[in-house]
Amino acid sequence: MIEKIEKLLQQVEAFTPQSAAELENFRIKILGKKGELNALMAEFKTVPAEQKRELGQLINRLKTAATERINTLREQLQDAADESASAIGDMTRPGSSEHIGSRHPISLVKNEIVEVFSRLGYTVAEGPEIEDDWHVFSALNFPPEHPARDMQDTFFVEKNPDILLRTHTSSIQVRTMEHQKPPIRVVCPGRVFRNEAISYRAHCIFHQLEGLYIDEGVSFADMKQSLQYFAKEIFGENTAIRMRPSYFPFTEPSAEVDVSCNLCGGKGCPVCKGTGWLEIMGCGMVDPNVLESNGIDSKKYSGFAFGMGIERIAMLKYGVKDLRLYFENDVRFLEQFNKAL
Ligand code: DAH
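Now for a description of the structure that goes with this document. Source: prediction; values computed, not measured.

Cut-off values and rules
- Residues numbered from 1 in each chain as written.
- Predicted model: local features only at pLDDT ≥ 70, side-chain atom pairs only at ≥ 80, totals over all residues.
- Heavy atoms only, no water.
- Helix = DSSP H or I, 4+ residues; strand = E, 2+ residues; numbered from the N terminus.
- Rg over C-alpha atoms; globule rule 2.2 N^0.38 Å.
- Buried < 20%, exposed > 50% of the residue type's maximum accessible area, 1.4 Å probe, protein only.
- Contact = heavy atoms within 4.5 Å.
- Areas by Shrake-Rupley, 256 points an atom, 1.4 Å probe, with all protein chains shown as cover.
- Lys, Arg positive; Asp, Glu negative; His and termini not counted.
- Charge placed at Lys NZ, Arg CZ, Asp CG, Glu CD.
- Axes fitted to C-alpha atoms, helices over the stretch in contact; angles between N-to-C directions.
- Parallel < 35°, antiparallel > 145°, perpendicular 65-115°, else oblique.
- Left-handed = near helix turned anticlockwise from the far one by under 90°.
- Nonpolar A, V, L, I, M, F, W, Y, C, P; charged D, E, K, R; others polar.
- Core = buried A, V, L, I, M, F, W, Y, C linked by side-chain atoms within 4.5 Å.
- Patch = residues over 30% accessible without salt bridge, like charges linked within 9 Å, V, L, I, M, F, W, Y side chains within 5 Å.
- Salt bridge = Lys/Arg side-chain N within 4 Å of Asp/Glu carboxyl O.
- Pairing = 2+ DSSP bridges.

1. Observations regarding the overall build of the protein
- Per the secondary structure count, the protein includes 12 helices and 9 strands.
- Here the protein has a C-alpha radius of gyration of 39 Å; the compact-globule value for 341 residues is 20 Å, and the former is much larger.
- In terms of its C-alpha atoms, the protein occupies a principal-axis envelope of roughly 120 × 50 × 35 Å.
- Evaluated residue by residue, the protein yields a buried proportion of 40% over its 341 residues.
- Contacts in the protein between residues at least 24 apart in sequence constitute 66% of all its contacts with a sequence separation of at least 6.
- Here the protein has roughly 19,400 Å² of accessible surface; of this, 52% comes from carbon and sulfur atoms.
- Considering the protein, the positive charge centre built from 40 side chains and the negative charge centre built from 48 side chains are found 8 Å apart.

2. Side note on the packing of helix α1 (residues 2–14) against helix α4 (residues 49–88)
- Running from amino to carboxyl end, α1 crosses α4 at an angle of 15°, the nearest separation of the two axes being 10 Å. Classified by the interaxial angle, the pair formed by α1 and α4 is roughly parallel. Handedness of the α1/α4 crossing: left-handed. Two secondary-structure elements touch here, α1 through Ile2, Ile5, Leu8, Leu9, Val12 and Glu13 and α4 through Glu54, Leu55, Leu58, Ile59, Arg61, Leu62, Ala65, Ala66 and Arg69.
- Its residues assigned to classes, the contact of α1 with α4 shows 11 nonpolar, no polar and 4 charged.

3. Here we look at the nonpolar core
- Membership of the largest hydrophobic core comes to 45 residues, with the highest contact counts inside it found for Phe230 and Phe306.
- Elements that contribute at least two residues to this core include exactly α5 (105–118), β5 (205–215), α8 (220–235), β7 (251–260), β8 (277–286), β9 (302–309), α10 (310–318) and α12 (331–334).
- Counting residues per element, this core draws most heavily on α5, which supplies 7 residues.
- Residue contacts for phenylalanine 306: discarding those within four places in its chain leaves Phe117, Tyr122, Val187, Leu209, Glu210, Gly211, Leu227, Met281, Gly282 and Cys283.
- Phe137, Leu140, Leu212 and Phe250 belong to the second largest nonpolar core, which has 22 residues in total.

4. What to know about a negative patch on the surface
- A cluster of acidic side chains, namely Glu75, Asp79, Asp82 and Glu83, defines a negative patch on the protein surface.
- Residue placement: aspartate 79 occurs in helix α4.

5. Focus on the sheet that holds strand β4 (residues 184–193)
- With respect to topology, 7 strands assemble into an open sheet ordered β1-β4-β5-β9-β8-β7-β6, the strand pairing being mixed. Two strands in the sheet have a free side with no partner beyond their single neighbour: β1 (123–124) and β6 (241–248).
- Where β8 lies against β9, 5 bridges are found, and the strand directions are antiparallel. Looking at β9, one finds that glycine 284 is bridged to alanine 305.
- Set on the sheet, α8 makes contact with β6, β7, β8 and β9; between it and β8 the angle comes to about 150°.

Spatial relationships are all this shows, so hold off on functional conclusions.
Printed below as a string of structure tokens:
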């Protein structure tokens, strides 16, 4: 009887079925009502008492081994079946829709502005976010005591007041003039940093897009025409622009550009605060000092420059009232711009 049980134990260990049916037959053969185990139990009753202990233990071992082996094999067969089923998939189930990302509204607007200016022959120039005083201020004709250099506005890197996070993309104008001789026609998008309290209309990190055009005989009228074209392309055919005198150290004369409010058509509404106009950028004729600082002959060449906040353009274009939404990256906000792709 011992021999028989040991043989059965070996059989159980070695058994590897190809199908669930084969496994089930094996289970019935060993553990079923008329199976080997029950036969052994019947025989067990007839063995002399002194053999009962050893035999009983062996039969129990066989029972446990067979039950465990059969359970493991059943799981393995089920896993294999699941795998092959999922490879094909249930053809009757509805398809699962893939969630695709969308471009960030700031990228969308940036790309659109770059596209508009590329039609006027502008290429894209970029520059570093960590800059030095020369490229952000000095080469742009900022006097040493100008408030923009102040600790309140500018983030300085470590303790060196010469190294700072650029406060505007105008620094890329300087870098472009260093490497390129006129004619120059570039737009320069990028991130800028200012030490400002975060609110619905201001952030310490935001995006600007700068433009620079230098050639012989470039006039204020050329600038106005280019910016008018830009405004119509971005805000619609019926958009008008107006220019108000302003001041920037690197342009002379300088102007602030407004577009007619596209919400009320210029009649006056809460968005334009009743004025019918929305401020969108600064611009001006490049100051001869700036041309000379950057090795360009101001007697031969003239040019214009402009700079705008991309968040501001995007807010006006999409009617977004809180600038912070652009930085929170809430998918429910970002998804709304899918259509604009
Ligand atoms: N750099 C200015 C700012 O950050 C914007 C600006 C104004 C850029 C006039 C220009 C310009 O190129 O001509 O406020």
